Amino acid sequence: MTPLRRRAEELVRSELQRAPHLYVGGLDVASDSQLTLTQANPANGAPVGRVPEATARDVHGAAKAALRAYQDGQVHDHPSERAQLLWSFAEALENESEDLWLLESLQTGHPFAGVKAHTLSEAVRSVRHLASWAHKLEGRSHVVGPGRTGRSLEGGVPVFASSFDTRAPLGTAISKTACALAVGSSIILHPPATAPSSTMRIAHLLHELGLAPGRVNVVTGGTKTAERLAAEKLVDAMSFSGDMESARRALVGSAISNLKPIHFELGCKTACILFEDGDARRAADAVVDHLFSCRYAQFETPTRFLIHEEQYADVAANVVARAKSAVRGDPLDPHTQLGPLCSAKHLERVLAYVELGRREGAKLVAGGRQDAEGHRGRGKVLPPTVLKDPPATLRV
């Protein structure tokens, strides 16, 4: 057994031995909920962690702790201290990088090599960038009338909440937390129910760095937890990544509580367009390398490739060949390019969209069926899938 796999087993044992808990006010606390959610490794179905489904009372407790920490920070906090904390945070992330990579890979199915090369390194760079902004929030003064001057101040809301999905929980948790801390806000993080462990580890890292209790809190659970955050009166603003129906319910929660602003991110439909005089090989390589290196559509993921008719046949053949040759399987294998989908529900949804595309006239020319070969048959592995010649009305 390699040292990497040995460490992965140690992390899983540690996660399973812990009682399911939330992180509130600088402490691991039990939930009021009687419902426990078990996280499974999408590569083989083995359990890798447990968390509670946070209740409305749990969410309110986290919001009270966050508000109390913000109010204390108004007296004691200073921009230079926030900047120093973020620099220390970036260094701690690098020191704990292997465990964070592993937790992310074990619970999301992201290939370990990709998390190592891109996700965490980009997040650490963003933390250092935000550290440099902590003491640049100066505000403005302006004349509003004869003998009168107005002043506007820049800063964060007292309590910010962030509910995010399985695409990149590690990177999202780091960047949202760093943004909140840079402007002096407290934050409540709600990671995906299938992959909460890396977010919990980040909160503990900040506690070890001396962050005041309550500045960062973590509540767990499914979409109900996000809706409870949206309906919590002590939460001043929120970001939400997820599905449309949950977003609608979050808007209702905001409306009946305090009309908090919510930033929604509900899907990615980015297209790559290749014109007649474009470099066909470079365009195809860029699309394939980006698209088939991640199981989740990011903002810039080119899930649609629109190709000039003069180049279409050659480029389409190249994309299909690359899709069929992509190495898929165990996320901890350094050669794996594409890991499993994060859950059975995720797999079912993707397969349903593939079938919808076929019914509406597109040709399935690669992938489209769950992988049943060898060890890949135990996981939620779907080969890279390409639909060709879609009609203009295709909903996929």
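For the structure itself, look to the data block above.
Residues numbered from 1 in each chain as written. Predicted model: local features only at pLDDT ≥ 70, side-chain atom pairs only at ≥ 80, totals over all residues. Heavy atoms only, no water.

> Looking at this structure, I do not really get the pairing of strand β3 (residues 36-40). What am I missing?
A regular strand carries its side chains on alternate faces of the sheet. Side chains of β3 alternate between two faces, with L37 and Q39 buried and T36, T38 and A40 left unburied. Judged from the 5 bridges that link them, β3 and strand β4 (residues 47-52) form a sheet pairing that is antiparallel. Bridge pairing links Q39 to G49 in β4. The hairpin formed by β3 and β4 contains 6 residues between the paired strands, and G45 there has a positive phi angle of roughly 80°. (Buried < 20%, exposed > 50% of the residue type's maximum accessible area, 1.4 Å probe, protein only. Helix = DSSP H or I, 4+ residues; strand = E, 2+ residues; numbered from the N terminus. Pairing = 2+ DSSP bridges.)

> Sorry if this is basic, but what is going on with helix α10 (residues 280-291) here?
Because the α-helix completes a turn every 3.6 residues, residues three or four places apart line up on one side. Over its 12 residues, α10 extends 16 Å from the first C-alpha to the last, a length consistent with the 16 Å expected when each residue adds 1.5 Å. Turning to α10, its buried residues are A283, A284, V287, V288 and L291. On an axial view of α10, the arc spanned by its buried residues comes to 120°, and they lie on one face. Turned more than 90 degrees away from the buried face of α10 sit R281 and R282, all of them exposed. Those residues of α10 that are buried are in contact with β12 (271-274), β13 (304-307) and α11 (312-325). Between the side-chain oxygen at the start of α10 and the backbone nitrogen of R281 there is a gap of 3.3 Å, and the oxygen is on D279. (Expected span 1.5 Å × (residues − 1). Arc of directions from axis to C-beta. Contact = heavy atoms within 4.5 Å. Polar contact = N/O pair within 3.5 Å; in protein donor to acceptor, adjacent residues only side chain to side chain.)

> How should α11 be read in this particular structure?
Along its 14 residues, α11 runs 20 Å from first to last C-alpha, staying within 8% of the 20 Å computed at 1.5 Å per residue. Burial in α11 covers these residues: V315, A316, V319, V320 and A323. Within α11, the buried residues cover an arc of 135° as seen down the axis, which keeps them to one side. For α11, the exposed residues set more than 90 degrees away from the buried face come down to A313, D314 and K324.

> Looking at this structure, I do not really get the environment of A271. What am I missing?
Residue placement: A271 occurs in strand β12. Classification of A271 by relative accessible area gives partly exposed; the value is 38%. Spatially, the C-alpha atoms of A271 and T303 are 6.2 Å apart, while their sequence positions differ by 32 residues. Not counting residues up to four positions away in its chain, the partners in contact with A271 are R304 and L306.

> In this structure, what is going on with the pairing of strand β11 (residues 262-265)? I would like to understand it.
One ladder, built from 4 bridges, connects strand β10 (residues 237-241) with β11; its direction is parallel. Its bridge partner lying in β11, S239 is registered against H263.

> Just checking my understanding: could you explain the pattern of salt bridges for this structure?
Where charged atoms of side chains with opposite charge meet at close range, the side chains can pair. One pass over the full model with this rule turns up 18 salt bridges. Ionic pairing is found between R395 and E360, a salt bridge with its closest N-O pair at 2.5 Å. Of this pair, R395 sits in the segment after β15 (386-388) while E360 sits in the loop between α12 (344-359) and β14 (363-366); the two residues are 35 residues apart in sequence, bridging distant segments of the chain. Counted as one network, the salt bridges with shared partners bring together R7, E10, E96, D99 and R201. (Salt bridge = Lys/Arg side-chain N within 4 Å of Asp/Glu carboxyl O.)

> Explain a negative patch on the surface here, please?
There is a patch of like negative charges on the surface, built from E276, D277, E309 and E310. Position of D277 among the secondary structure elements: in the loop between β12 and α10. (Patch = residues over 30% accessible without salt bridge, like charges linked within 9 Å, V, L, I, M, F, W, Y side chains within 5 Å. Areas by Shrake-Rupley, 256 points an atom, 1.4 Å probe, with all protein chains shown as cover. Lys, Arg positive; Asp, Glu negative; His and termini not counted. Charge placed at Lys NZ, Arg CZ, Asp CG, Glu CD.)

> Would you explain the packing of aromatic side chains in this entry?
Here a ring pair, both rings aromatic, is described through the centre-centre distance and the interplanar angle of the planes. This model, assessed by the stated rule, comprises 2 aromatic pairs. Centre to centre, the rings of W101 and F112 are 5.7 Å apart; their planes meet at 85°, and the pair counts as edge-to-face. Taken together, the residues span a long stretch of sequence, with W101 in helix α4 (residues 97-108) and F112 in helix α5 (residues 112-131) at a distance of 11 residues. Looking at W101, the relative accessible area reads 12%, which means it is buried. Measuring from centroid to centroid gives 5.9 Å for F240 and F264, while their planes differ by 70°, and the two rings are edge-to-face. Taken together, the residues F240 in strand β10 and F264 in strand β11 connect sequence positions 24 residues apart. The partly exposed category is assigned to F264, whose relative accessible area is 23%. (Phe/Tyr/Trp six-rings, centres within 6.5 Å; stacked < 30°, edge-to-face > 60°.)

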